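# Overview (structure and organization)
As a plain string of letters, each chain reads:
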Amino acid sequence: MSKQNPKSKSRKEPAKIAEATSAVPAAKIETPEKKTFIKERTPEEKQKEHRDGIVKTVVAALLGTIAGVLCFHVYGTGEDRIWYAVLTIVIGITYFIQKFLYPQLQISAKEFKFKDWFYVEFIVIDFFLIVWTLLLN
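Procedures and definitions
Starting from 1, residues in each chain are numbered consecutively following that chain's sequence as written. In keeping with the model being predicted, local features are shown solely for residues with a pLDDT of at least 70 and side-chain atom pairs are shown and tallied solely at 80 or more, while totals for entire chains, interfaces and linings include all residues. Side-chain metrics in this entry use all non-hydrogen atoms of the structure; hydrogen atoms and water are not considered. A run of H or I in DSSP counts as a helix once it spans at least four residues, and a run of E counts as a strand once it spans at least two, with each numbered from the N terminus. Only protein chains enter the calculation, and the probe is 1.4 Å; a residue is then buried if its accessible area is under 20% of its type maximum, exposed if over 50%, and partly exposed in between. Throughout, a residue-residue contact means that at least one pair of heavy atoms, one from each residue, lies within 4.5 Å. Exposure was quantified through the Shrake-Rupley algorithm and a 1.4 Å probe, taking into account, for residues, occlusion by the shown protein chains and nothing else. Axis angles are defined between N-to-C directions and span 0 to 180 degrees, where every axis is a line fitted to C-alpha atoms and, for a helix, only to the segment in contact. Here roughly perpendicular refers to angles of 65 to 115 degrees, roughly parallel to angles under 35, roughly antiparallel to angles over 145, and oblique to all remaining angles. Rotating anticlockwise by less than a right angle from the far helix to the near helix defines a left-handed crossing, while the corresponding clockwise rotation defines a right-handed one. Under the grouping applied here, Gly and all other residues not named as nonpolar or charged are polar, the nonpolar ones being Ala, Val, Leu, Ile, Met, Phe, Trp, Tyr, Cys and Pro and the charged ones Asp, Glu, Lys and Arg. pLDDT runs from 0 to 100 and stands for how confident the predictor is about each residue. Each helix should span, by expectation, one fewer than its residue count multiplied by 1.5 Å. Our arc is simply the arc of the directions from the helix axis toward the C-beta atoms. Here a Phe, Tyr or Trp ring, Trp counted by its six-membered ring, pairs with any other such ring whose centre lies within 6.5 Å, and the pair is stacked when the planes are under 30 degrees apart, edge-to-face when over 60, and tilted otherwise. Only buried residues count toward a nonpolar core, which is a set of Ala, Val, Leu, Ile, Met, Phe, Trp, Tyr and Cys residues joined through side-chain atoms within 4.5 Å. Polar contacts, as counted here, are pairs of nitrogen or oxygen atoms within 3.5 Å of one another; within protein the pair requires one atom able to donate a hydrogen and one able to accept it, and residues that are adjacent in sequence qualify only if both atoms are side-chain atoms. Patch rule: a residue counts if its relative accessible area is over 30% and it has no salt bridge; like charges are joined within 9 Å, and nonpolar side chains (Val, Leu, Ile, Met, Phe, Trp, Tyr) within 5 Å. Criterion for a salt bridge: a side-chain nitrogen of Lys or Arg within 4 Å of a carboxyl oxygen of Asp or Glu.

Time to look at the overall build of the protein chain. Of regular secondary structure, the protein chain possesses 5 helices and 0 strands. Each helix (α) and strand (β) of the protein chain, taken in turn from the N terminus, gives the series α-α-α-α-α. Within the span of the protein chain, comprising 137 residues, buried residues form 22% of the whole. In the protein chain, the share of contacts with a sequence separation of at least 24, taken over all contacts with a separation of at least 6, comes to 75%. Element-wise, carbon and sulfur atoms account for 64% of the exposed surface of the protein chain, whose accessible area totals about 11,500 Å².

Below, the structure written as structure tokens:
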């Protein structure tokens, strides 16, 4: 009785696996393809989405700039305030302003997803912090 070393065992196993898989009918191995339908957009829809994206960015940038100027005039350097509390207040106020402002600009805020709100609020906070920092210097 001879002992098999681990190398010889591993060489024999793939042959068994190959034989086993060839016995299975091909129909059972193949998975049905999922059909996805991509909605074709008309040029008018593309143009409206592009315009809406520009309007969202400009509105968020203006709100951030206004918030930065207001915080500079109200809080000055902000040394006596907790900075993340000011940031949270700005996020909350600008969120509600945008929620009521976009329908007036013919942009449906009800269709916004988390990604859209995150985008516009990021723009607001970015402009807010940049403007406030520039005014402090």
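That shown, we press on.
With their axes 11 Å apart at the nearest point, helix α3 (residues 43–75) and helix α4 (residues 83–101) run at an angle of 140 degrees to one another. Here α3 lies oblique to α4, going by the angle between them. Crossing of α3 over α4 shows right-handed handedness. Here α3 contributes Val59, Ala60, Leu63, Ala67, Cys71 and Tyr75 to the contact with α4, which in turn contributes Val86, Val90, Thr94, Ile97, Gln98 and Leu101. Here the residues of the contact of α3 with α4 are counted per class, giving 10 nonpolar, 2 polar and no charged.

Following both chains from N to C, one finds α3 and helix α5 (residues 114–136) inclined at 40 degrees, their axes separated by 7 Å at the closest point. Here α3 is positioned oblique relative to α5, judged by the angle of their axes. In this structure, the crossing between α3 and α5 has a hand that is right-handed.

On to the confidence of the model for the protein chain. The pLDDT averaged across the protein chain works out to 81; a share of 74% of its residues lies at or above 70. Across the protein chain, the element-wise mean pLDDT spans from 55 in helix α1 (residues 6–23) up to 92 in α5.

Its 19 residues give α4 an end-to-end C-alpha distance of 27 Å, which sits within 8% of 27 Å, the value for a rise of 1.5 Å per residue. Within α4, burial applies to Val86, Leu87, Val90, Thr94 and Gln98. Down the axis of α4, the buried set is contained in an arc of 95 degrees. They therefore lie on one face. For α4, the exposed residues set more than 90 degrees away from the buried face come down to Thr88 and Phe100.

Within the structure shown, the criterion is met by 8 aromatic pairs. An aromatic cluster is built from Tyr95, Phe96, Tyr102, Phe112 and Trp117, whose rings are joined through pairwise contacts.

Moving on to the nonpolar core. Counting residues in hydrophobic clusters, the biggest one holds 21 residues, and the most contacted among them are Cys71, Val86, Val90, Tyr102, Trp117 and Phe128. Excluding residues that lie within four positions of it along the chain, Val90 makes contacts with Ala67, Cys71, Val124, Ile125 and Phe128.

Here Thr94 shows up in helix α4. Among the polar contacts listed, one links the side chain of Thr94 to the backbone oxygen of Val90, at a separation of 2.7 Å. Leave out the neighbours within four places in its chain, and Thr94 touches Leu63, Glu121 and Val124.

A grouping of Ile54, Val58, Leu62, Ile66 and Leu70 is seen on the molecular surface, where their side chains present a nonpolar patch of about 470 Å² in accessible area. Of note, Ile66 is situated in helix α3. When its relative accessible area of 48% is taken as the criterion, Ile66 is described as partly exposed.

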